[in-house]
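Structural characterization, general
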Amino acid sequence: MLQILYRDEHLIAINKPSGLLVHKSFYSGEADTYAIQELKKQIGQKVYPVHRLDRKTSGVLLFTLDKEMLKTMSDVFAARAVEKKYIAILRGWAKEEETIDYDLINENEVKQNAVTRYRRLQTSEIDLPFLKHQTSRYCLVEATPETGRFHQLRKHFKHILHPILGCRKHGCNKQNKLWLQTFGINKMTLHAHQLIFNHPNSGEKIIINAAIDDEFKKVGDILNLDLSAYS
């Protein structure tokens, strides 16, 4: 059963598990289950995704329950009137805060402007030798993408040389292999923990929060990070 975080007569939001595809996609490959079909079966009616999360990214995923609201909410997202907050664990200690303004190439080889703001929340250093270093450093950040490009956060953190722990395509595979061999963990530590917008019908400010999963908590425990605010 998918965890439903919010529901009214027009909107519904779930906490998407890591590993679950939102829908069929040429770029994501095939799967036995998809979030759209699972939620439709669970509530007994059609749902329409307003945005998407990568397969390995967990967290708040918003759907509409009718096509009219889908157009309305799509316009709200296009106008950047939705605040999306993610948490991620990065390799190394990133800056205390930064705005990454770095264009990205999309699936159709078109360059698009992409902007991400982030702030560092906590740092960690553990006794885990890596390459020439006797210890390994990590940090927990909260990231707010101002644009919604494909793999934006993963690409942007790679660009500043602080890739997301567990990310394969845009991460550090040597570090990922080390974690798999040492701890048996290959979790991508990226989670959409909060979505904020004004309801298009009532104008009410809607804040939807999604808790992290047990595997994310396990990574936090290893790094002595306090993730209680996201549990």
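All of these numbers come straight from a predicted model, not from anything done at the bench. (Residues numbered from 1 in each chain as written. Predicted model: local features only at pLDDT ≥ 70, side-chain atom pairs only at ≥ 80, totals over all residues. Heavy atoms only, no water.)

1. Observations regarding the nonpolar core
Of all hydrophobic cores here, the largest spans 31 residues; its most connected members are Leu 39, Val 47, Phe 63, Leu 90, Tyr 118, Phe 157 and Ile 164. Those elements that place two or more of their residues in this core are strand E2 (11-16), helix H1 (35-43), strand E4 (58-64), strand E5 (83-91), strand E10 (136-145), helix H3 (152-159) and strand E11 (190-198). Here this core gets 4 residues from one element, more than from any other, and that element is H1. When residues no more than four places from it in sequence are discounted, the contact partners of Ile 164 are Ala 88, Ile 89, Leu 90, Leu 153, Arg 154, Phe 157, Gly 171, Met 188, Thr 189 and Leu 190. (Core = buried A, V, L, I, M, F, W, Y, C linked by side-chain atoms within 4.5 Å. Buried < 20%, exposed > 50% of the residue type's maximum accessible area, 1.4 Å probe, protein only. Helix = DSSP H or I, 4+ residues; strand = E, 2+ residues; numbered from the N terminus. Contact = heavy atoms within 4.5 Å.)

2. Focus on the pairing of E5
Of all 9 residues in E5, 7 are buried, a share of seventy percent or more. Inspection of the sheet shows E5 paired to E11 by 6 bridges, in the antiparallel sense. The partner of Tyr 86 across the bridge, within E11, is Ala 192. Looking at chain direction, E5 and E10 are connected through 6 bridges and run antiparallel. For Ala 88, the partnering residue across the bridge sits in E10 and is Val 141. (Pairing = 2+ DSSP bridges.)

3. Focus on the pattern of salt bridges
One pass over the structure, following the stated rule, counts 11 salt bridges. Close ionic contact of Lys 95 with Glu 98 constitutes a salt bridge, the shortest N to O distance being 3.9 Å. Note that Glu 96 and Arg 120 form a salt bridge whose closest N and O atoms lie 3.9 Å from each other. With Glu 96 in the loop between E5 and strand E6 (97-101) and Arg 120 in strand E9 (residues 115-126), this residue pair connects regions lying 24 residues apart in the sequence. For Glu 96, a relative accessible area of 58% corresponds to the exposed category. (Salt bridge = Lys/Arg side-chain N within 4 Å of Asp/Glu carboxyl O.)

4. Observations concerning the side chain of Ser 124
If you trace the backbone, Ser 124 turns up in strand E9. Sequence-distant contacts of Ser 124, defined by excluding residues within four places in its chain, comprise Trp 93, Ser 136, Arg 137, Tyr 138, Leu 223 and Leu 225.

5. Quick look at helix H2 (residues 67-78)
Under the 1.5 Å per step criterion, the end-to-end length of H2 is 16 Å for 12 residues, consistent within 8% with the ideal 16 Å. Buried within H2 we find Met 69, Met 73, Val 76 and Phe 77. Take H2 and look down its axis: the buried residues cluster within an arc of 95°, on one side only. Those residues of H2 that are exposed and aimed more than 90 degrees away from the buried face are Lys 67, Glu 68, Lys 71 and Ala 78. Against E2, E4, E5 and E11 lie the buried residues of H2. Of the residues one or two after H2, Arg 80 is the one with positive phi, at around 60°. (Expected span 1.5 Å × (residues − 1). Arc of directions from axis to C-beta.)

6. Focus on unusual backbone geometry
The phi torsion at His 151 lies on the positive side, around 55°, for a residue other than glycine. Following the sequence through the fold, His 151 ends up in the loop between E10 and H3. You will see that Leu 161, though not glycine, has its phi angle at about 65°, which is positive.

7. A few points about empty space enclosed by the protein
Within the structure shown, the criterion is met by 2 cavities of 30 Å³ or more. If you go around the largest cavity, the residues you meet are Leu 165, Gly 166, Asn 176, Trp 179, Ile 185, Asn 186, Lys 187, Thr 189 and Val 219. A breakdown of the residues in the lining of the largest cavity according to their chemical character gives 4 nonpolar, 4 polar and 1 charged. Its volume calculated, the second largest cavity comes out at about 30 Å³. Mapped onto the lining of the second largest cavity, the elements with two or more residues apiece are E5 and E11. (1 Å grid on protein atoms, 1.4 Å probe; cavity = no way out; pocket = protein on both sides within 12 Å on 5 of 7 lines; lining within 4 Å. Points joined across faces, edges and corners; volume = space filled by probe spheres on them. Nonpolar A, V, L, I, M, F, W, Y, C, P; charged D, E, K, R; others polar.)

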